[in-house]
Amino acid sequence: MNPPLSHTHWGTFEPEIAEGRIEGVRAFSRDAEPSALIRSVPDAVHSPLRISQPMVREGYLLRGPADLDRRRGAEPFVPVDWDTALDLVARRLGETKKVHGNSAIFGGSYGWSSAGRINHARTLVRRFLYRFGGCVDQVTNYSWGAAAILLPHVVGGIEPVAGPVTDWTAIVRETRLMVMFGGAAAKNMRVTTGGAGSHDTGTFMRAAKAAGVRFVNISPLRGDMPDELDAEWLPIRPGTDTAMMLALAHTLVVEGLVDHAFLDRYTVGYDRFHAYLTGAMDGTPKSATWAAAITGIEADIISDLARRMASERTMLSAAWSLQRADRGEQPYWALIALSAMLGQIGLPGGGFGFGYGSINGMGTPRRQISAPAMTTGENPLGFDIPVARMADMLLSPGQTIKFNGGELTFPDIKLVYWCGGNPFHHHQDINRLLAAWQRPETIIVHEIWWTATARQADIVLPATTSFEREDIGASPRDRFMVAMPKLIEPVGQARNDYDIFADLAARLGFEDAFTEGRTITDWLRHTYQGCRQRAVRHGVDLPDFETFWDASFVEIAPPDAEFVLFGDFRADPVAHPLKTPSGKIEISSERVAAMGYADCPGYPVWIEPEEWGGAALAERYPLHLLSNQPSTRLHSQLDHALLSRESKVAGREPVLINRGDAIRRGITDGDAVRIFNDRGACITGAVLSDGIRSGTIQLSTGAWYAPETYASAGSLDLHGNPNMLTRDAGTSSLGQGPSALSTLVEIERVTGAIPLPRLMPEIYPVRNAGGADSAES
């Protein structure tokens with residue numbers, strides 16, 4: 001029997017346990033490049049910010065939904081026992097359903113949750129609410145939401161962004177030039193959904209360099225590519241990648257480098273795109289000279305890159321972040337069109353793929369075996385909204401929006417049930433979200449720590465970490481499946497999400513439908529057995545459950561054949577058509593064109609973002625904010641723990657600012673600075689750098705929202721949360737994805753004392769709680 005392991009989104013580790021506490025961690029011996037993030041685990045698990053027992057906001061405990069003041073975030077919490085809390089939750093759910101119907105219950109609960117696939121919070125809350133009669137749910141995601149809607153129209157599916165993409169082994173062997181819009185930052189390769197037994201992406205990238213692959217990093221940040229790759233850095237103006245892609249395509253046209261044979265056989269709609277590129281449609285050729293004025297990249301550099309791309313095996317890639325911007329569909333569509341014009345799609349090491357540098361495991365050879373996982377079943381309500389339109393829905397019930405060729409009308413949400421995520425990290429324009437968050441009558445949150453979401457709740461139920469329960473960890477981008485035994489007893493009165501929902505289901509009369517007569521341990525065995533059966537179809541013989549559990553992990557052998565994205569389609573487009581209306585790559589889409597969206601016509605175009613360096617607003621707010629992913633945590637997970645705390649500057653999240661821009665503003669390294677625009681402001685700590693384009697600042701997402709005062713929206717955030725500043729608007733009428741990366745700001749040095757962030761709410765001493773919903777009522 002092997003020593004026990006545990007598993008996280010940032011890696012697998014061996015725990016060091018003493019006196020019922022996780023005191024340390026050792027990296028998994030099979031991990032090629034372990035993430036330092038595992039060092040934060042002991043500190044996080046035993047943090048003073050753990051929620052010790054069920055809590056109810058004072059005003060809600062006294063008055064329930066009749067508490068019209070709804071001073072969420074500002075009022076103290078009252079500790080209650082589990083029975084009181086669960087009775088209160090069940091009563092509110094039952095009343096909401098009876099009076100308003102299930103369409104008044106919002107259960108999308110977006111977030112990464114844990115790496116465990118069975119005791120997975122977001123899956124469980126949806127399973128619970130679906131069996132309660134359904135809820136308003138969410139579709140797409142904050143990572144690549146616009147792409148999720150666009151790509152099925154253009155290439156017939158989401159594989160180019162979700163995976164599988166062409167294996168790195170093919171890139172190492174065949175590619176000569178890899179052009180990466182948005183780069184491939186090393187920090188992104190430390191995490192993956194469902195966890196990583198081994199971090200292999202960095203190893204593959206170094207092997208590619210050793211094999212002679214040349215990398216081009218097209219990004220405002222030099223650090224968006226590891227230094228060891230010696231990548232060529234083209235510091236593009238943020239938000240202008242589409243213009244550069246169009247100019248690269250235009251160069252191919254005017255220099256006779258277009259592969260027309262490929263276009264004729266494998267694509268439709270090129271003629272319309274060609275007319276737009278050349279200016280026949282609008283009088284403006286999308287030339288390198290045209291793009292230079294927009295992108296800040298010299299015309300000769302653009303033209304030379306196009307020639308190099310056409311002369312050798314080239315892989316084009318774009319980070320997920322590119323489409324998290326105003327008109328975010330366009331750079332992805334333009335990249336596909338550019339790749340088609342080169343004619344290398346479906347060749348080993350050629351073509352395109354999104355997200356190679358956005359998450360660990362993209363392009364890692366793996367048999368496509370689905371992991372053990374809890375199921376949700378079908379939502380009886382059958383209604384969902386784009387994930388990034390949550391605040392719109394809460395603020396504007398009855399409003400109708402356009403989405404992917406149809407329309408949807410927002411319901412009137414009375415109850416929000418959130419489990420496994422932190423919308424005060426993910427969602428844009430926090431002040432707007434705060435206003436939206438006050439509208440529902442009841443907000444119920446399962447949470448481990450006092451995050452901003454927990455602080456903004458009415459009822460808070462303390463949940464266990466994945467180290468205080470059993471589970472199985474696995475990712476579709478990793479070759480390991482990891483047993484996750486219970487390492488320690490639950491901290492305080494924390495309970496497993498599954499057990500919480502089972503008890504609630506019993507109170508509401510559908511326990512059997514929720515549990516199907518199984519404990520969580522039963523579910524581990526049941527779902528693993530299903531995985532074993534599916535694995536056989538892929539030629540994999542997994543061990544029985546007991547052998548797997550005793551061994552602590554199983555490693556799945558690599559596939560026999562190398563995967564090449566669109567390889568079968570290229571070999572025979574008749575036998576292997578794409579799932580588009582034409583069966584081919586749609587450089588122009590008649591289906592999208594028929595939707596009539598001015599903000600997303602039927603072919604790739606350059607449409608100026610609302611906020612970018614060329615906008616009139618740049619006169620007031622001349623700096624473009626890049627709110628990318630952090631290096632010391634996963635989104636907002638672990639922000640309160642060791643590595644993230646060590647990274648703070650002046651007690652806040654660090655902001656990277658171009659040295660010249662800082663000097664002109666009298667800012668020096670380590671200064672506390674205020675970043676602001678019309679939407680809000682936050683305090684951060686300045687880090688000066690020559691590795692960021694002038695006119696750009698970079699502030700990672702994930703710092704826990706900590707306003708100067710919790711009493712109302714509009715307060716200064718003291719911790720450096722960039723979503724105080726970002727714009728909450730859809731990418732377009734097609735995708736309605738988040739557009740956080742189209743944000744203009746200004747920055748100034750702070751003078752005078754500024755209080756440090758305060759994360760812990762006021763909590764009354766434990767006592768018998770009276771009031772309208774107490775145990776006595």
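All figures in this text were calculated on a predicted structure; none of them were measured in a lab.

Undergrad: Looking at this structure, I do not really get the overall build of the protein chain. What am I missing?
TA: When its secondary structure is counted, the protein chain shows 26 helices and 29 strands. Over its C-alpha atoms the protein chain spans a radius of gyration of 26 Å, differing by no more than 12% from the 28 Å that the globule rule assigns to 777 residues. For the protein chain, the residues scored as buried account for 64% of the 777 residues in total. In the structure as shown, the protein chain presents an accessible area of about 25,900 Å², 49% of it carried by carbon and sulfur atoms.

Undergrad: What should I look at first to understand empty space enclosed by the protein in this one?
TA: Empty space among the atoms becomes visible once a probe the size of a water molecule is rolled across them. For the structure shown, the criterion picks out three cavities of 30 Å³ or more. Taken together, 49 residues line the largest cavity, and the ones lying closest to its centre are A319, S321, L322, R324 and L741. Counting only elements with at least two residues in the lining of the largest cavity, the list comes to α9 (241-254) and α14 (329-342). Looking at the lining of the largest cavity residue by residue, the class counts come to 24 nonpolar, 17 polar and eight charged. A volume near 550 Å³ is recorded for the second largest cavity. Lining the second largest cavity are 39 residues, and of these S113, S114, I448, W449 and Q637 lie nearest its centre.

Undergrad: What should I look at first to understand the pairing of strand β18 (residues 442-447) in this one?
TA: For β18, the tally of buried residues reaches six of six residues, placing the bulk of the element in the interior. Burial of β18 is two-sided: the residues T442, I444 and H446 facing one way and the residues I443, V445 and E447 facing the other way are all buried. Where strand β17 (residues 415-419) meets β18, five bridges bridge the pair, whose relative direction is parallel. Bridged to Y417 within β18 is I444. In the sheet, β18 pairs with strand β19 (residues 459-462) via four bridges, with the strands oriented parallel.

Undergrad: What is the right way to read the sheet that holds β17 from this model?
TA: Strand pairing within a sheet occurs via backbone hydrogen bonds; the two strands may be parallel or antiparallel. Pairing in this open sheet of six strands is mixed, and the strands run β5-β4-β19-β18-β17-β6 from one edge to the other. Only two strands of the sheet have a single partner each, and these edge strands are β5 (77-79) and β6 (105-106). Across the sheet, helix α3 (residues 82-100) touches β4 (55-57), β6, β17, β18 and β19, and the angle it forms with β19 is around 130°.

Undergrad: What is the right way to look at helix α12 (residues 288-295) in this model?
TA: Side chains of residues three or four places apart in an α-helix project in the same direction, reflecting 3.6 residues per turn. Residues of α12 that are buried include every one of A288, W290, A291, I294 and T295, and no others. Buried residues of α12 fall within an arc of 150° about the axis and therefore sit on the same side. Residues of α12 that are exposed and angled more than 90 degrees away from the buried face: T289 and A293. In this fold, the buried residues of α12 make contact with α9 and α13 (299-311).

Undergrad: Explain the sheet that holds strand β8 (residues 177-181) here, please?
TA: The five strands are arranged β10-β9-β8-β12-β13 in an open sheet whose pairing can be described as parallel. A single partner strand is all that each edge strand has here, and the edge strands are β10 (232-234) and β13 (351-354). Geometrically, the sheet is characterised by an average inter-axis angle of 20° between neighbouring strands, direction not taken into account. As judged from the three bridges shared by strand β9 (residues 214-218) and β10, these two strands associate in the parallel manner. Residue V216 lies in a different strand from β10, and its bridge partner there is E232. Contacts from α13 reach β8, β9, β10 and β12 (314-318) within the one sheet, and its direction differs from that of β8 by about 135°.

Undergrad: How should I be thinking about unusual backbone geometry in this particular structure?
TA: Generally, phi is negative for residues other than glycine and the peptide bonds are trans, each holding for most cases. The omega torsion of the bond from G163 to P164 falls at 5°, within 30 degrees of zero and hence cis. Positionally, P164 belongs in the loop between α6 (159-162) and α7 (168-174). Of note, the phi angle at S109 is positive, near 50°, even though the residue is not glycine. Tracing the backbone shows S109 in the loop between β6 and α4 (121-131).

Undergrad: Would you take a moment to explain the layout of surface pockets for this structure?
TA: As a volume, the largest pocket reaches approximately 1,000 Å³. The wall of the largest pocket is formed by 29 residues, among which R117, R122, N141, W144 and T193 lie closest to the centre. Of all the elements in the fold, those that place two or more residues in the lining of the largest pocket are α4 and β7 (137-139). At three residues, the largest contribution of residues to the lining of the largest pocket is made by α4. Of the residues contributing to the lining of the largest pocket, the split by class is 13 nonpolar, 11 polar and five charged. Computed from the structure, the second largest pocket encloses a volume of approximately 520 Å³. K187, S631, L656, Q698 and S700 are the residues nearest the centre of the second largest pocket, which is lined by 25 residues in total.

Undergrad: Would you explain the packing of α12 against α13 in this entry?
TA: Each pair of packed helices can be described by the angle between their axes along with the distance between the axes. Orientation of α12 relative to α13, taken along the N-to-C sense of each, is 120°, at an axis distance of 8 Å. By the angle between their directions, the pair α12 and α13 is classed as oblique. α13 is crossed by α12, and the crossing has right-handed handedness. Two secondary-structure elements touch here, α12 through A288, T289, A291, A292 and T295 and α13 through A299, I302 and S303.

Undergrad: Help me out: how do you make sense of the packing of α9 against α14 in this one?
TA: Two elements in contact, α9 and α14, have axes separated by 9 Å at closest approach and are oriented at 20°. Here α14 runs roughly parallel to α9, going by the angle between their axes. In the packing of α9 onto α14, the handedness of the crossing is left-handed. Between α9, through T242, M245, L248, A249, L252 and V253, and α14, the contact on the second element is made entirely by Q330, P331, A334, L335, L338, M341 and L342. Class assignment for the residues of the contact of α9 with α14 results in 11 nonpolar, two polar and no charged.

Undergrad: Would you mind showing me how to read the packing of aromatic side chains here?
TA: Geometry of an aromatic ring pair is reported as the spacing of the ring centres plus the angle between the planes. For the structure on display, the rule yields 33 aromatic pairs. Both rings, one in W168 and one in Y356, keep their centres 5.3 Å apart while their planes meet at 70°; by these two values the pair is edge-to-face. Here W168, found in helix α7, pairs with Y356, found in the loop between β13 and β14 (384-386); they are 188 residues apart in sequence, far enough to count as distant. Each member of the pair, W168 as well as Y356, carries the same accessibility label: buried. Ring geometry for Y276 versus Y603: centroids 5.6 Å apart, planes at 50°, classification tilted. Taken as a pair, Y276 in helix α11 (residues 270-278) and Y603 in the loop between α24 (590-593) and β24 (623-626) lie far apart in primary sequence, 327 residues in all. Comparing Y276 with Y603, the two get one shared label, buried. Here a set of aromatic residues connected by ring pairs shows up, and it is made of F128, F132, Y417, Y498, F501, F510 and F514. In this structure, R495 is placed above the aromatic ring of W82, and the distance from its NZ or CZ to the ring centre is 5.2 Å.

Undergrad: Even after reading the chapter, I still don't get the pairing of β13, so can you show me in this structure?
TA: On any regular strand, side chains alternate: one points to one face of the sheet, the next to the other face. Burial of β13 is two-sided: the residues G351 and G353 facing one way and the residues F352 and F354 facing the other way are all buried. Where β12 meets β13, four bridges bridge the pair, whose relative direction is parallel. Bridging across to β13, A318 finds its partner in F354. With α14 bridging β12 and its parallel neighbour β13, the resulting β-α-β unit is right-handed.

Undergrad: Whenever I open this one, the side chain of T451 confuses me. Can you help?
TA: Note on placement: T451 falls in the loop between β18 and α18 (452-455). In contact with T451, other than residues within four places in its own chain, are N422 and W704.

The rules behind each value
Residues numbered from 1 in each chain as written. Predicted model: local features only at pLDDT ≥ 70, side-chain atom pairs only at ≥ 80, totals over all residues. Heavy atoms only, no water. Helix = DSSP H or I, 4+ residues; strand = E, 2+ residues; numbered from the N terminus. Rg over C-alpha atoms; globule rule 2.2 N^0.38 Å. Buried < 20%, exposed > 50% of the residue type's maximum accessible area, 1.4 Å probe, protein only. Areas by Shrake-Rupley, 256 points an atom, 1.4 Å probe, with all protein chains shown as cover. 1 Å grid on protein atoms, 1.4 Å probe; cavity = no way out; pocket = protein on both sides within 12 Å on 5 of 7 lines; lining within 4 Å. Points joined across faces, edges and corners; volume = space filled by probe spheres on them. Nonpolar A, V, L, I, M, F, W, Y, C, P; charged D, E, K, R; others polar. Pairing = 2+ DSSP bridges. Contact = heavy atoms within 4.5 Å. Axes fitted to C-alpha atoms, helices over the stretch in contact; angles between N-to-C directions. Arc of directions from axis to C-beta. Parallel < 35°, antiparallel > 145°, perpendicular 65-115°, else oblique. Left-handed = near helix turned anticlockwise from the far one by under 90°. Phe/Tyr/Trp six-rings, centres within 6.5 Å; stacked < 30°, edge-to-face > 60°. Lys NZ or Arg CZ within 6 Å of the ring centre and 35° of its normal. Right-handed = clockwise from strand over helix to strand, strands pointing away.

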